[in-house]
Amino acid sequence: MSTPALVLGGTGYVAGELLRLIAGHPELELAAAISDSQPGERIAKSFGHLAAVYPQTTFASIGTASMILTETKRAALFSAAPHGASAALIDRLLTSAAAARCDLRVVDISADFRHADADVYQRIYGHPHGAPGRLKDFTCAVPEHLPKLKTAHVAHPGCFATAALLASVPLLALDLAEPQIFISAITGSTGSGRKPTDGTHHPTRHSDLYAYNALGHRHTPEIRSCAKAATGVDAEFAFVPHSGPFARGIHATVQARTKRPVTTQAVLAMLRDYYLDQPFVRVLDQPPRLKEIVASNYAQLSAVASGSSIVVMSVVDNLNKGAAGGAVQWMNRMLGFDETAGLKAPAAGWT
């Protein structure tokens, strides 16, 4: 029997991608897409591209979701709710599930459970954590970097962090690079969410490229803590994000100084060996390209070494591998499914 899946934050871009992936998943079945702002409205009204799979399905309230948990023994919860709101909603549903003896597994795609310390979270986001008592129950990591999960639930790293960590962690884990990493990454406009802003408005962003929050982006501490957890190395990360003139995808260029002489071919071989058993990471001889991964859960890496410098390039889809797809990948592992279930579709190509 299919496992019921609930999606919090139902009308956002990441939620829409979750709904698309759940529709094609062999083990999951949508039980509720939760949107307190639009309960009763058809999913197809917000996501026209999903009309074929959800023609009459409507958004549900958080109360309806709580009732659903009383009627099942196991369920999957994906939260794409905004930062600052997700934690309290998750806490409410976990409480309902516990009272009903429902085994509810959670993957949070917001930032609310990415930091184990509530004070660190408040310092970064400027408001108290919504459920500090739940922090111990969550682990934040990219699936490829944590072979065995020791907590009941997962906080999926952000899209920038996913691209940066896939490139950076092998350099530190294999003792190839000095613990000072420089990251320049470009993201598509969907990374800023569905609500229009100056940074996502098409006439502003079209045919333009610009940096923002250089060396001060709020995801930098997340990258550092996840890298340390994966490698044991407390590296320094200098991160410069950019806004790109495209809708989906992230291209990250990670640069570091080598600890010892190494050739490009040697680095590529080590990267391939590091990700040998990881079905969604591909290491290429040539530079990776966004069009080859957009709308998929696949990541591409490549590398170049010269003198004392080493560069690793990484591309991921920000809505899929960097958010919804990575979350489904985690849930597959948590529920004992094949890790690739529902995620094998290749990239869209000529987007």
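See above for the structure.
First things first, this report covers the structure right here in the doc.

Basis of the calculations
- Residues numbered from 1 in each chain as written.
- Predicted model: local features only at pLDDT ≥ 70, side-chain atom pairs only at ≥ 80, totals over all residues.
- Heavy atoms only, no water.
- Core = buried A, V, L, I, M, F, W, Y, C linked by side-chain atoms within 4.5 Å.
- Buried < 20%, exposed > 50% of the residue type's maximum accessible area, 1.4 Å probe, protein only.
- Contact = heavy atoms within 4.5 Å.
- Axes fitted to C-alpha atoms, helices over the stretch in contact; angles between N-to-C directions.
- Helix = DSSP H or I, 4+ residues; strand = E, 2+ residues; numbered from the N terminus.
- Parallel < 35°, antiparallel > 145°, perpendicular 65-115°, else oblique.
- Left-handed = near helix turned anticlockwise from the far one by under 90°.
- Pairing = 2+ DSSP bridges.

1. So, the nonpolar core
Of all hydrophobic cores here, the largest spans 67 residues; its most connected members are Leu 93, Leu 104 and Ile 183. Look past the residues within four positions of Leu 93 in its chain and what remains in contact with it is Leu 8, Ile 34, Ile 62, Ala 65, Ser 66, Leu 69, Leu 77 and Leu 104. Among the nonpolar cores identified, the runner-up in size contains 38 residues, and Ile 109, Leu 290, Met 331 and Met 334 belong to it.

2. Brief notes about the packing of helix α3 (residues 62-69) against helix α4 (residues 86-99)
At a minimum axis distance of 8 Å, the contact between α3 and α4 shows a crossing angle of 30 degrees. One way to sum up the angle between α3 and α4 is to call them roughly parallel. Where α3 crosses over α4, the handedness of that crossing is right-handed. Counting all contacts with α3, which are made through Ile 62, Gly 63, Ala 65, Ser 66 and Leu 69, the residues of α4 involved are Leu 89, Arg 92, Leu 93, Ser 96 and Ala 97.

3. Concerning the sheet that holds strand β4 (residues 103-108)
Strand pairing in a sheet takes place through backbone hydrogen bonds and is either antiparallel or parallel in direction. Pairing within the open sheet is parallel, and its six strands lie in the order β2-β1-β3-β4-β6-β5. With one partner strand each, in any of the chains shown, β2 (28-34) and β5 (138-140) form the two edges of the open sheet. Taking the axes of each pair of neighbouring strands and ignoring which way they run, one obtains an average angle of 25 degrees across the sheet. With six bridges connecting them, strand β1 (residues 3-8) and β2 associate as parallel partners. Bridge assignment links Val 7 to a residue of β2, and that residue is Ala 33. The sheet strands contacting α4 are β1, β2, β3 (74-79), β4, β5 and β6 (153-155), and the helix crosses β4 at an angle near 170 degrees.

4. Concerning helix α1 (residues 13-23)
Within α1 the residues assigned to the buried category are Ala 15, Gly 16, Glu 17, Leu 18, Leu 19, Leu 21 and Ile 22. Where α1 is buried, its residues meet β1, β2, α2 (43-46), β3 and α10 (320-334).

5. Some details on the side chain of Ser 66
Tracing the chain through its elements places Ser 66 in helix α3. Residues within four places of Ser 66 in sequence aside, it is in contact with Arg 92, Leu 93 and Ser 96.

6. What about the sheet that holds strand β10 (residues 250-257)?
The strand order across the open sheet built from seven strands is β8-β9-β7-β10-β13-β12-β11, with neighbouring strands paired in mixed fashion. Looking at the sheet topology across the chains shown, the edges are occupied by β8 (210-211) and β11 (281-283). Pairing between strand β12 (residues 299-306) and strand β13 (residues 309-316): seven bridges, direction antiparallel. Residue pairing across strands places Ser 302 opposite Met 313, the latter belonging to β13. Strands β7 (180-187) and β9 (236-243) of the sheet are contacted by helix α8 (residues 220-231), whose axis makes an angle of about 135 degrees with β9.

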